[in-house]
Structure formats: structure tokens, C-alpha cells
There are 2 protein chains.
Amino acid sequence: MIPRTNVLDTAEAAYQSAFGVTLSSRVRLARNLRGLPFPDRASAPVRAEVRRLVMEAARDVLPCQDALSSSTLLARQQLFESHLISRNLLAGSPETAVCRNLTSTQAVMVNEEDHVRIQALRPGLALQEAWADADALDDVLERHLDYAFSPVLGYLTSCPTNVGTGMRASVLMHLPGLVLMSEMEPIINGLNKIGLAVRGRWGEGTAAIGHMFQISNQLTLGVPEERIVADLTEIVKEVAEHERNARERLKKERRLQMADLTARAEGLLKAARLMTAREALERLSELRLGIALGLKRRIPMATVDRLLLEVQPAHLQAWAGRALDGAARDKVRADRLRAELGGRRTKRMAKRTTT
Amino acid sequence: MIPRTNVLDTAEAAYQSAFGVTLSSRVRLARNLRGLPFPDRASAPVRAEVRRLVMEAARDVLPCQDALSSSTLLARQQLFESHLISRNLLAGSPETAVCRNLTSTQAVMVNEEDHVRIQALRPGLALQEAWADADALDDVLERHLDYAFSPVLGYLTSCPTNVGTGMRASVLMHLPGLVLMSEMEPIINGLNKIGLAVRGRWGEGTAAIGHMFQISNQLTLGVPEERIVADLTEIVKEVAEHERNARERLKKERRLQMADLTARAEGLLKAARLMTAREALERLSELRLGIALGLKRRIPMATVDRLLLEVQPAHLQAWAGRALDGAARDKVRADRLRAELGGRRTKRMAKRTTT
């Protein structure tokens, strides 16, 4: 047998270095069609016309799904959990649509809060690339669509907070080190002061579930897109540096406590017969920290990152292939986690014993 | 290899049937020497004389340790955790002593609250036998000692609540079923009404840590010992029946929740790197319930019962062979639990894989 340990370790190290702190980058552009009322003020025929125009414009680059309101709530929830549609589209308003590529890294939402919302997603810290993707999509659409644009204000949007560039750039960061070292609150305050919003990916403030935070620009007026992206990138690098520093200190100063926290998380994920989404996200986050600290070498971080998405209600039901109520979900979720984490471990242990 | 499964299962079934609900029975007799002040009012020379007299009387049946106050606090704590000495002797008052047999099932404490306290302990529900043991010990001592006895009141004791028989009979019961079915409070109220005291073995009331309760008589005056013992035995049988009934319902009506609770307990006991005594008692109690419900067949209940004693601070330090502060105890306790529960499992899994 070829020893695969080093190969795996290199791949794992590369993954952790790229995504260990900053999981993903996202750029979203808000656009509206000139001369037509914003979606919430538009009549059904107008909304239908907007949808027709946008889908036609996007047709060459992205497959569109125009029957979003008639798709199942479960399908919409899955798109929502993947950050592909907003609460507006989740509710299933009529005359909406979503166009997206196969990997869902690029998408156009139609008749959401604005007529057009362009979104580009990149793994890791890659705001520049996400911006380039969104900008290219925007160029394609603009060839066919006449955007509402003011030479003074820039792009006009349904909500005044988006007027100007219409751009929201954001990153998803895993910051357990800063939370556990009680350093997250001053950092949030500091980021707010320089015009950045910090939200829990799930949950709010420093009580963010699973230590997952989204950091995004709030200013859209009077600052060019490139500047927003460059500034946010620098800030994110700084926050990531703080997080890595906090992790180092946790490892040095609270090694035993961290070993305990992460071993308990793994123990519960492998043992529980019932688990809520919230607890799953919390335990997976602790396990992810354990992997980052080098305390859990047998579980790939990518597995945890995949599970962080898949333990959510709609994804779980899609996986199960049927609708499940809350209690049934808690059981299926626990079963799945045991199979993904426990089963794997048992196989490896068996291998080790027989070789 | 001879298949041992059935043999083990029979032994395990016998153990669970005998000790699954009622772990142990205890009878304690309070006695004082005629004409001498009670210990808390006696001078040092009088206390020394009492000790000399009692130790001489007990010499033939029990080895005595007269240097209790000069023994280490750790040694006294261990006796206290084993229920062999009271808080008075734990504090290390002078001129005290404890005489006990090798298995510590019979003991005489000297210059505790009373001059003499005789104690007999039996596993399971065996109050009759414990009373016989204590009575026999009492007879031996009475041959040499002149007890303070009133024809009207009976044995005179330091605290009026013990006057009469001077007897306290008690049983230690594991009642997780009644607690989880929220039926413990009415049972405690009912027992109180018929003159029985219910205390948590650790902790108080229905919040008793580890669902362990001690039930004992409060009345010592005007009721003969045999009657107290017979009545308490009947009551304990009834409570045990209620507990078994509650466990059956938990198994039928909340099987998944019980599988979850007990799997989590086992998972944490096998994973944690730090564990307080309180958490260890709670998780061990849940694991014990899992064994009783047939959900955890690989761990003998006797192992859990031994660990319930050994995770306590003084026992843990005695095992480690050195004094440990709180933080160090939490680490050693977790290490020990992993070795006792996890290590065993790993060995078995390895065996299974290779055969």
C-alpha cells in the first residue's frame, strides 16, 4: 500500500491555509430598470415584463429558473440556506426568478427587493475575483438592459442604503479564537466605526452561532467599487491575523481546555441520537477549531465545512429525499453526523488494527 | 475460545436485579455512656476516657484506628465519601476514633455527635440484615459498656431527634426514572408525610445530583427497631416498583430521547479531557440508566457503581497517590474515566476486528 498520509496532510494544510479563517467572499450588485417602478410597487404585469427582460438578458450566460414561486418551499429554503436567494424570494413572491450557474457561484435574482440582483461567490478571501465575476455579469446584462442610473447618485435602488454603487461586498469568517478570548466585541465596535457591518452568519452579535461572522461594507455612495473591495480585503486580512493570533494563544495558554472543548464536540457529534441545527452548528464549529489547532488531525476541515451547510433544515430534507418535521430532522441530522464522522473513524480504526 | 457472553449476561442481570434501583441499606445506632457528658460538652480527658473504653469494647470484633485526628485530611475525606464517618469526624476533632472491618461494612465511630455510633452497611435492599449486623455489634459493645438508657425514653442521645431507639435506617436509591418522568416531587411529599426523610445523596431535593436519593426514618421514639426496618423495607419496595414502572415508560414512550441522553453521557465520559465531580456523577447516573434500560449492554453496571465512588475528590487523589487541586482533579478524573470506559471499548473493538 502507498502511504497517503503526507499527500493528505499537504492537501489538508493547503485547505486550512486558504479557508481556515475566511471561508468565502461575496459581491452583490443591486440594479433596476429605468422607467419601471421598483418590484414592491410594480403591478403583476410590470413584474412579469421585468422578469422576461432580465431572463432574456441573462440567457446567454446563466440558466434561469422562472418558476421560483411555484417551486416547493423546500427547494427555495435550500437556495436560501446556500445564500442564493433572499428572504423575499424565499417567501415565494410571484413573478420572481433566479438564474445561476451549475456551481451556484454566480447568480442573478429577479424581482427581489430590486429588479436585478447580481451575485458572485468565491471560496476563501477573494473579493477582487468575486467583484470581477459580478462586474462581468453586470456588463453582459447591461448590453441588453437599460439600468436606472443617475449621473449624481449612481445606480438607483429600492432601498436608499444601496444607492450609488449598489454593491455589497462581504466575507464569511470563522472567528472562534476571538470569541473565546473575549476579543470579538471591541473588534465589532471598531469595524462598525469604519463603516463595516458585522453580522452573525446564524444568530446575532458575539452570540453568533458557530462563531461564524459576515463582515460587509455599509457605504455604497461616493466610493468606487475597487476601493470598497480593496479596503475590505485589507481589513479582513487584519481580522484574520487577529484570529490566528488568538488561536495561537488558545493553543499555548489553554491547550487542555481546548482539547477538552473539541474532544467533547467530537464526542457529542459521534454519539448523539438527536441534535438540533443550532447545536450541530455549535459543535461543528468547535470541531473546526480543534482541526485548526491541530488537535483533531483525523477529520478533514472540508468535511466539517460541508456538514455546516448540510445540517441545515432544507439541505437535510433534500438529502433525506422527503419533508421532515422538526423532531424527525433532529434524528436524521444526528444519524447523518454519526455516519459522516463516527463511521469514518471506525473504518480507519479497523484499518489501523489490521495493518 | 469459550463464549462468555451468556455467563456475563447472567451475572449482569443478577447484579442489575439486586442493585439496579436500591444500591445499599444502612443502619446506624447512636449510643452514649452513662454518667458522662455528651462529646461536645465533655472535656478532653473525658473524651479520651470514652475513646479508651469504646476501643477496648470493640477490640475483639473490629480493628480500631484511634489516631483519626492525626491522620491526613485526605484519608478522612475518603472515609467521609464512603459514608463511614460524619462531618464531625471529617473536621478531625480530637479524641475521636473509628473502628471498622476490612470491607468497611461494619463500623463504630467514637466521640462523634454521640459517644458511640454503630453502623452496618449491606448492598442492595437488606435493611433486616443490616439491622441484624448493627444489633450484633451493639450486643458485643454492651457487654463491656454501660449505656445511658431511660426505661421511659430509651437510649439517650446528644440530639433529641435520635432519642429512643437511637436508630437511623436508610437506603440509597437510584431514581432517574421518577425524576425524568417528573414524579419525584409528589413521592418525596408522600414519604415526608409518613415520617420519612428524603435527601439527595449529593445535592438536595429533586435536584439531587446523579438522581441518587437517601430515604430514612425520622421517628426514633415509641417504635421498635424491627417495625421501623420492616415498614421502611415495604416503602422502599413500593418506591422501587414506581421507579421500575417509570423506566418501562421511558423505554416505551421516550426510547429515542433515552438513547440520545445515554449515548451523549457515554460519549462525554469517553471524550472529555476535564470533568468536575458533579458532571461525572451526572453523566455516570445517565449511563447507569442506559444500562438499566438495556441501551448500553457493553458496560457492566458494577463498573459504573465503582466509578460513582472513585470519581469523588478524596478517592481520586488516593488513586493518584498524591494531593491534587481542583483543576488537576478535573484532569485526572477525565483521564481515569476515559481509561475505564473508553480504553475498555477500544480493546474490545480491536478484538472484534481481528477475529
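Keep in mind that what you see is a predicted model, and the values were worked out from it rather than measured.

A.B. asks: Can you help me understand empty space enclosed by the protein in this one?
C.D. replies: Residue and element names in this part refer to chain A. Considering all chains together, one arrives at three cavities of 30 Å³ or more under this definition. Of the pockets and cavities examined, the second largest cavity occupies roughly 50 Å³. Lining the second largest cavity are Ser24, Ser25, Arg26, His83, Ser170, Val171, Leu172, Arg201 and Gln214. Of all the secondary-structure elements, those providing two or more residues to the lining of the second largest cavity are strand E1 (22-31) and strand E8 (167-174). Of the residues contributing to the lining of the second largest cavity, the split by class is two nonpolar, five polar and two charged.

A.B. asks: I would appreciate a short explanation of the domain arrangement of chain A in the present structure.
C.D. replies: For an interface, size is often stated in terms of accessible area lost upon the parts coming together. Residues and elements named next belong to chain A. The domain architecture assigned to chain A consists of domain 1 (14-245) and domain 2 (255-352). Taking only C-alpha atoms into account, the centre of domain 1 sits 28 Å from that of domain 2. Taken together, the contacts link 19 residues of domain 1 with 21 residues of domain 2. Contact between domain 1 and domain 2 buries roughly 1800 Å² in total, counting both sides, with carbon and sulfur atoms accounting for 65%. Linking domain 1 to domain 2 there are zero salt bridges. At the level of secondary structure, the elements contributing two or more residues to the side of domain 1 that touches domain 2 comprise helix H1 (5-19), helix H3 (73-81) and helix H6 (176-180). Among the residues making up the side of domain 1 that touches domain 2, the classes are represented as nine nonpolar, eight polar and two charged.

A.B. asks: Mind showing me how you'd approach the pairing of strand E9 (residues 196-200) of chain A here?
C.D. replies: All names here are of chain A. In terms of burial, E9 is a largely internal element, four of the five residues being buried. With five bridges joining them, E9 and strand E10 (residues 212-217) adopt antiparallel strand pairing. Counted as the bridge partner of Arg199 is Gln214 from E10.

A.B. asks: What am I meant to see in a nonpolar patch on the surface here?
C.D. replies: All names here are of chain A. Nonpolar side chains collect at one region of the surface, where Val152, Leu153 and Leu221 lie side by side and expose about 300 Å² of accessible area between them. Checked against the element boundaries, Val152 lands in the loop between strand E6 (149-150) and strand E7 (154-155). Classification of Val152 by relative accessible area gives exposed; the value is 75%.

A.B. asks: What is the right way to read the pattern of salt bridges from this model?
C.D. replies: Side chains carrying opposite charge are able to pair once their charged atoms draw close together. All names here are of chain B. Throughout the structure, instances matching the rule amount to 60 salt bridges over all chains. Between Glu241 and Arg244 there is a salt bridge, with the nearest N and O atoms lying 3.8 Å from each other. On the criterion of helical spacing, the pair formed by Glu241 and Arg244 is a turn pair, its members being three residues apart in helix H8 (residues 225-253). For Glu241, a relative accessible area of 47% corresponds to the partly exposed category.

A.B. asks: Is there a simple way to explain the pairing of strand E4 (residues 106-110) of chain B in this structure?
C.D. replies: Taken residue by residue, a regular strand's side chains alternate between the two faces of the sheet. Residues and elements named next belong to chain B. Among the five residues in E4, five count as buried, and that is most of the element. Here E4 shows a buried face lined by Gln106, Val108 and Val110 and a second buried face lined by Ala107 and Met109. Hairpin connection of strand E3 (residues 97-100) to E4: five residues between the antiparallel strands, including Ser104 at a positive phi of 60 degrees. Judged from the five bridges that link them, E4 and strand E5 (residues 116-123) form a sheet pairing that is antiparallel. Each residue of the ladder has a partner; that of Ala107, found in E5, is Gln119. Linking E4 back to E5 in an antiparallel pair, the connection comprises five residues, with Asn111 at a positive phi of about 60 degrees.

A.B. asks: Would you mind showing me how to read the packing of aromatic side chains here?
C.D. replies: Two measures describe an aromatic ring pair: the distance that separates the ring centres and the angle between the ring planes. Taken as a whole and judged by the stated rule, the model has six aromatic pairs over all chains. Aromatic pair Phe149 of chain A and Tyr155 of chain A: ring centres 4.9 Å apart, planes at 70 degrees, arrangement edge-to-face. Where Tyr15 of chain B meets Phe19 of chain B, the ring centres are 4.9 Å apart and the plane angle is 65 degrees; that geometry is what we call edge-to-face. With Tyr15 of chain B and Phe19 of chain B both in helix H1 (residues 5-19), this residue pair falls four residues apart, about one helical turn. Among the aromatic side chains, those forming a connected cluster through ring pairs are Tyr147, Phe149 and Tyr155 of chain A. Against the face of Tyr155 of chain A rests Arg31 of chain A, its NZ or CZ located 3.5 Å from the ring centre.

A.B. asks: How should the sheet that holds strand E9 (residues 196-200) of chain B be read in this particular structure?
C.D. replies: The strands making up a sheet associate through backbone hydrogen bonding, with each pair oriented either parallel or antiparallel. All names here are of chain B. Reading across the sheet, the eight strands line up as E2-E3-E4-E5-E1-E8-E10-E9 and stay open at both edges, with antiparallel pairing between neighbours. In this open sheet, the two strands that pair with only one neighbour each are strand E2 (64-65) and E9. Bridging between strand E8 (residues 167-174) and strand E10 (residues 212-217) involves five bridges; their strand directions are antiparallel. Of the residues in E10, the one forming a bridge with Ser170 is Ser216. Packed onto the sheet, H8 meets strand E1 (22-31), E8, E9 and E10 and runs at close to 10 degrees relative to E8.

A.B. asks: Please explain the sheet that holds E9 of chain A as it appears in this structure.
C.D. replies: Residue and element names in this part refer to chain A. Pairing in this open sheet of eight strands is antiparallel, and the strands run E2-E3-E4-E5-E1-E8-E10-E9 from one edge to the other. Each edge of the sheet is formed by a strand with only one pairing partner; in this case those strands are strand E2 (64-65) and E9. One ladder, built from two bridges, connects E2 with strand E3 (residues 97-100); its direction is antiparallel. Among the inter-strand pairings, Cys64 is bridged to a residue of E3, identified as Cys99.

The rules behind each value
- Residues numbered from 1 in each chain as written.
- Chains lettered and ligands numbered in written order.
- Predicted model: local features only at pLDDT ≥ 70, side-chain atom pairs only at ≥ 80, totals over all residues.
- Heavy atoms only, no water.
- 1 Å grid on protein atoms, 1.4 Å probe; cavity = no way out; pocket = protein on both sides within 12 Å on 5 of 7 lines; lining within 4 Å.
- Points joined across faces, edges and corners; volume = space filled by probe spheres on them.
- Helix = DSSP H or I, 4+ residues; strand = E, 2+ residues; numbered from the N terminus.
- Nonpolar A, V, L, I, M, F, W, Y, C, P; charged D, E, K, R; others polar.
- Domains from an automatic or database assignment.
- Contact = heavy atoms within 4.5 Å.
- Buried area = accessible area lost by both parts, 1.4 Å probe.
- Salt bridge = Lys/Arg side-chain N within 4 Å of Asp/Glu carboxyl O.
- Buried < 20%, exposed > 50% of the residue type's maximum accessible area, 1.4 Å probe, protein only.
- Pairing = 2+ DSSP bridges.
- Patch = residues over 30% accessible without salt bridge, like charges linked within 9 Å, V, L, I, M, F, W, Y side chains within 5 Å.
- Areas by Shrake-Rupley, 256 points an atom, 1.4 Å probe, with all protein chains shown as cover.
- Phe/Tyr/Trp six-rings, centres within 6.5 Å; stacked < 30°, edge-to-face > 60°.
- Lys NZ or Arg CZ within 6 Å of the ring centre and 35° of its normal.
- Axes fitted to C-alpha atoms, helices over the stretch in contact; angles between N-to-C directions.

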